[in-house]
Amino acid sequence: MAKICALQLSTLAMSDSRIDYYLKLAKEHGACVVVLGEYVLNSFFTELVKMPSSMLKEQSEHKRASLCNLAKKYDLAIVAPLIIHKNAKFYKVIAKFTRQSTKYEEQNILINYPHWDEANFFANQRQNGLNLMSFTCDKFKFGVIFGFEAHFDAVWQELAHKKVDCVIVPTACTLNSKERWNELLKMRAFTNNVYILRANRLGKAKFDKIQSEFYGNSQLISPHGDIVSSLDENEGMLVCELDKKVLNEAKNIWKFRETAAHIDK
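As the structure is a computational prediction, the values presented were derived from the model and not from experiment.

A.B. asks: Explanation requested: the overall build of the chain in the structure shown.
C.D. replies: Helix and strand counts for the chain come out as 8 helices and 16 strands. The C-alpha atoms of the chain give a radius of gyration of 18 Å, which matches the 18 Å a tight globule of 265 residues would have. Out of the 265 residues belonging to the chain, those deemed buried represent 52%. Nonlocal contacts in the chain, meaning residues at least 24 apart in sequence, comprise 66% of its contacts between residues at least 6 apart.

Below, the structure written as structure tokens:
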């Protein structure tokens, strides 16, 4: 068994009091990993593109330092998307903060829509192959991907090669996409026989003249493709328990991983 928590929040203020409260609560519940949604450490994309570079740098550095200290304080692995500044450019990364270290992995596939064009804003390297974050905690292997990356088969093939037990998916989903995301992630959990923990953000965003809300619905999906537990549209924390017996049961019943391994050969 392992416990993992998803925090469902809007963009955090510069004060650490709110995140400190939830991390303390997660530790008391026995969690080994805590996950934040996209654009929770930083302002949402449509806001940060208008932000002076100096302000964005200050926001990111403050949140990075805070999460480093809080990971040490509570001895937790904290997984969160973050904007980092390097060589006069901004990069969108997954950060994993632990007592021992901080590690980053750049987002591999960036959104490139006219109303939400991360690909042209961030300097992430366009490279061959995928570099996906993975790590082990409480005998479970976790893989981490961004929400947009969940749409691509190659990403799930790479996660299968890494033999992960649970896929962590921080998201910033809005624009009436709730049911579509439910179906997408249930299908991915089922066909890969993995747990999926999704942490979606809260708050509002303006796309051109359209005002939209992030609807929460953070959730744990079982290796059988069922939504085990979820949050509504309010701020909160989802405490999830992962069970190796459920993982093995799904693998043995459906044999998708076993069959895929033969196909790859």
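A.B. asks: Whenever I open this one, the sheet that holds strand E14 (residues 219–221) confuses me. Can you help?
C.D. replies: Strand pairing in a sheet relies on backbone hydrogen bonds. The paired strands run either parallel or antiparallel. Read across the open sheet, the 6 strands follow the order E8-E9-E10-E11-E14-E15; overall the sheet is mixed. The open sheet terminates on both sides in strands that have one partner only, identified here as strand E8 (133–137) and strand E15 (227–230). Pairwise comparison of adjacent strand axes, ignoring direction, gives a mean angle of 20 degrees for this sheet. Pairing between E8 and strand E9 (residues 140–144): 5 bridges, direction antiparallel. Opposite cysteine 137, over in E9, you have phenylalanine 140 as the bridge partner.

A.B. asks: I keep staring at the layout of surface pockets and nothing clicks. Help me out?
C.D. replies: Left-over empty space is what a probe sized like a water molecule reveals as it rolls over the atoms. In this structure, the largest pocket occupies an estimated 550 Å³ of space. Looking at the largest pocket, it is lined by 21 residues, and the ones nearest its centre are Ala160, Phe256, Arg257, Ala260 and Ala261. Only helix H5 (153–162), helix H6 (178–192), helix H7 (244–254) and helix H8 (256–264) provide two or more residues apiece to the lining of the largest pocket. The biggest single contributor to the lining of the largest pocket is H8, with 7 residues. Its residues assigned to classes, the lining of the largest pocket shows 6 nonpolar, 6 polar and 9 charged. Reported here for the second largest pocket is a volume of approximately 400 Å³.

A.B. asks: I tried to follow the UniProt feature "domain: CN hydrolase" (unreviewed entry) in the chain on my own but got confused; where do I start?
C.D. replies: As annotated in UniProt, the feature "domain: CN hydrolase" (unreviewed entry) corresponds to residues 2–244 in the numbering used here. Spanning residues 2–244, this segment combines 28% helix with 36% strand, and its end C-alpha atoms are found 9 Å apart.

A.B. asks: Help me understand the sheet that holds strand E3 (residues 77–86) in this model?
C.D. replies: Pairing in this open sheet of 6 strands is mixed, and the strands run E5-E4-E3-E2-E1-E16 from one edge to the other. Among the strands making up the open sheet, the edge pair consists of strand E5 (102–106) and strand E16 (236–242). Across this sheet, the average inter-strand angle for adjacent strands is 30 degrees, counted without regard to direction. Here strand E4 (residues 89–97) pairs with E5 via 5 bridges, running antiparallel. Residue pairing in the sheet places phenylalanine 97 in a bridge with threonine 102 of E5.

A.B. asks: Honestly, the environment of isoleucine 78 in this entry has me stumped. Any pointers?
C.D. replies: Looking at the secondary structure, you find isoleucine 78 in strand E3. The sequence separation of isoleucine 78 and arginine 99 amounts to 21 residues, and the corresponding C-alpha distance is 9.7 Å. Excluding anything up to four places from it in sequence, isoleucine 78 contacts Leu23, Val34, Leu36, Leu67, Leu70, Ala71, Ala95, Lys96 and Phe97.

A.B. asks: Could you clarify how one ought to interpret the side chain of serine 60 in this entry?
C.D. replies: Checked against the element boundaries, serine 60 lands in helix H3 (residues 53–74). Apart from the residues lying within four places of it in its own chain, the contact partners of serine 60 are Asn42, Leu82 and Ile83.

A.B. asks: Is there a simple way to think about the packing of aromatic side chains in this case?
C.D. replies: Centre distance and the angle of the planes are the two values used to describe a pair of aromatic rings. For the coordinates displayed, the defined rule picks out 16 aromatic pairs. Taking the centre distance of 6.1 Å and the plane angle of 50 degrees together, the rings of phenylalanine 45 and phenylalanine 122 count as tilted. You can see phenylalanine 45 sitting in helix H2 (residues 45–48) and its partner phenylalanine 122 sitting in the loop between helix H4 (118–121) and E8, a full 77 residues away along the chain. Ring centres of phenylalanine 190 and phenylalanine 256 lie 5.2 Å apart, and the angle between their planes is 90 degrees; this geometry places the pair in the edge-to-face category. Remark: phenylalanine 256 occurs in helix H8 and phenylalanine 190 occurs in helix H6; sequence separation between them is 66 residues. Aromatic rings pair up to connect Tyr39, Phe44, Trp116, Phe207 and Phe214 into one cluster. Over the aromatic face of phenylalanine 214 sits the side chain of arginine 201, whose NZ or CZ is 4.6 Å from the ring centroid.

Criteria and thresholds
Residues numbered from 1 in each chain as written. Predicted model: local features only at pLDDT ≥ 70, side-chain atom pairs only at ≥ 80, totals over all residues. Heavy atoms only, no water. Helix = DSSP H or I, 4+ residues; strand = E, 2+ residues; numbered from the N terminus. Rg over C-alpha atoms; globule rule 2.2 N^0.38 Å. Buried < 20%, exposed > 50% of the residue type's maximum accessible area, 1.4 Å probe, protein only. Contact = heavy atoms within 4.5 Å. Pairing = 2+ DSSP bridges. Axes fitted to C-alpha atoms, helices over the stretch in contact; angles between N-to-C directions. 1 Å grid on protein atoms, 1.4 Å probe; cavity = no way out; pocket = protein on both sides within 12 Å on 5 of 7 lines; lining within 4 Å. Points joined across faces, edges and corners; volume = space filled by probe spheres on them. Nonpolar A, V, L, I, M, F, W, Y, C, P; charged D, E, K, R; others polar. UniProt positions renumbered as here; feature names shortened; annotations may be inferred. Phe/Tyr/Trp six-rings, centres within 6.5 Å; stacked < 30°, edge-to-face > 60°. Lys NZ or Arg CZ within 6 Å of the ring centre and 35° of its normal.

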